[in-house]
Amino acid sequence: PTTLAKQVTDAAQRLWRAIPTSADLETPQGLAAAVKRSGAFLENQLANGTLSELQQASTTDLKALLSTFKQILTRGGATMPNSSNPSPGPLPTLRGALTPLDRATATLATMDTPQRAVNELAQQTDGALARMNTLQLVNAESPAPAWLLELPYRHNGQPETLRFRFERNTRD
């Protein structure tokens, strides 16, 4: 098995623990907290939050944790391949069907060197951040009162994704 640097494994564990469990999403309060920490509102928190809220976001917000993880991987020598991989699932759109995202095969366990594992983690982290940014852009450019959210969660020790589309009822 590939052994990663302690700093990388610690950051990965912090990120994994920050992802809500399916049990966390069973109550309105738990779902609201998970949405707040989903990364969709990080820039708003940075622009308008109190010092205490900013400190909390840095340790609980998924986008902040992914960004920190990417920095740790980069400092650890991660390099990105020059080739571009296909989009991980359908591109987000407010008007399309909420098609389930394809399950990806776990590739980290097949890496034969720590460097390849760090590179793979960096590539996957970049992909997750790009997907979050794309969702934010889709929402920001929506002419209708609609909003799209993809919320990662843990179920039976496996990562899953809930996809939501919120729309304002326009009936008179």
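For the structure, check the block above.
Each value, and the rule that gives it
Residues numbered from 1 in each chain as written. Predicted model: local features only at pLDDT ≥ 70, side-chain atom pairs only at ≥ 80, totals over all residues. Heavy atoms only, no water. Helix = DSSP H or I, 4+ residues; strand = E, 2+ residues; numbered from the N terminus. Rg over C-alpha atoms; globule rule 2.2 N^0.38 Å. Buried < 20%, exposed > 50% of the residue type's maximum accessible area, 1.4 Å probe, protein only. Areas by Shrake-Rupley, 256 points an atom, 1.4 Å probe, with all protein chains shown as cover. Lys, Arg positive; Asp, Glu negative; His and termini not counted. Charge placed at Lys NZ, Arg CZ, Asp CG, Glu CD. Core = buried A, V, L, I, M, F, W, Y, C linked by side-chain atoms within 4.5 Å. Contact = heavy atoms within 4.5 Å. Salt bridge = Lys/Arg side-chain N within 4 Å of Asp/Glu carboxyl O. Polar contact = N/O pair within 3.5 Å; in protein donor to acceptor, adjacent residues only side chain to side chain. Axes fitted to C-alpha atoms, helices over the stretch in contact; angles between N-to-C directions. Nonpolar A, V, L, I, M, F, W, Y, C, P; charged D, E, K, R; others polar. Pairing = 2+ DSSP bridges.

**Q** Any chance you could break down the overall build of the protein for me, citing the residues and the numbers?
**A** The secondary structure content of the protein amounts to 6 helices and 2 strands. The N-to-C order of helical and strand elements in the protein reads α-α-α-α-α-α-β-β. What you see for the protein is a C-alpha radius of gyration of 17 Å, in line with the 16 Å of a compact globule of 172 residues. Dimensions of the protein, computed from the C-alpha atoms along their principal axes, are close to 60 × 40 × 30 Å. Counting all 172 residues of the protein, 31% fall into the buried class. Carbon and sulfur atoms form 55% of the exposed surface of the protein, whose accessible area is close to 11000 Å². In the protein, 17 side chains carry a positive charge and 15 a negative one; their mean positions are 2 Å apart.

**Q** Mind laying out the nonpolar core, listing which residues take part and the relevant values?
**A** The tendency in soluble globular proteins is for nonpolar side chains to be buried as a group. By size, the foremost hydrophobic cluster in this structure holds 20 residues, and its most contacted members are Leu 4, Val 8, Leu 15, Leu 62, Phe 69, Leu 73 and Leu 121. Every element with two or more residues in this core is listed here: helix 1 (6-18), helix 5 (62-75) and helix 6 (114-140). If we skip the residues at most four places from it in the chain, Leu 15 touches Leu 62, Leu 65, Leu 66 and Phe 69. Among the nonpolar cores identified, the runner-up in size contains 6 residues, and Leu 25, Val 35, Leu 151 and Tyr 153 belong to it.

**Q** Which residues make up the pattern of salt bridges, and what are the values?
**A** If charged atoms from side chains of opposite charge come close, those side chains can pair. Following the criterion strictly, the structure yields 7 salt bridges and no others. Between Asp 126 and Lys 70 there is a salt bridge, and its shortest N-O distance comes to 3.0 Å. Separated by 56 residues along the polypeptide, Asp 126 in helix 6 and Lys 70 in helix 5 bring together distant segments of the chain. One salt bridge connects Glu 167 with Arg 165, and the closest N-O pair in it is separated by 3.3 Å. Overall, the relative accessible area of 48% leaves Glu 167 in the partly exposed class.

**Q** Lay out the side chain of Ser 38 in plain terms, naming residues and giving numbers.
**A** Here Ser 38 shows up in the loop between helix 2 (28-36) and helix 3 (42-48). With relative accessibility at 3%, the residue Ser 38 sits in the buried group. For Ser 38, the side chain forms a polar contact with the main-chain oxygen of Val 35, separated by 2.7 Å.

**Q** Which residues make up the packing of helix 4 (residues 51-60) against helix 5, and what are the values?
**A** Between two packed helices, the angle of one axis relative to the other and the distance separating the axes together describe the packing. It is at 6 Å that the axes of helix 4 and helix 5 come closest, and there the two elements cross at 65°. Across the interface between the two elements, Ala 57, Ser 58, Thr 59 and Thr 60 of helix 4 pack against Leu 62, Ala 64 and Leu 65 of helix 5. Residues belonging to the contact of helix 4 with helix 5 are distributed by class as follows: 4 nonpolar, 3 polar and no charged.

**Q** Describe the pairing of strand 1 (residues 146-155), naming the residues involved and giving the relevant values.
**A** Two faces belong to every sheet, and in a regular strand the side chains alternate between them. Burial runs high along strand 1: 7 of the 10 residues are buried. Sheet topology note: the strand 1/strand 2 (residues 158-167) ladder contains 10 bridges and is antiparallel. Bridge pairing in strand 2 places Ala 146 opposite Glu 167. Taking the residues between adjacent antiparallel strands as the criterion, strand 1 and strand 2 are bridged by 2 residues, where Asn 156 takes a positive phi near 55°.

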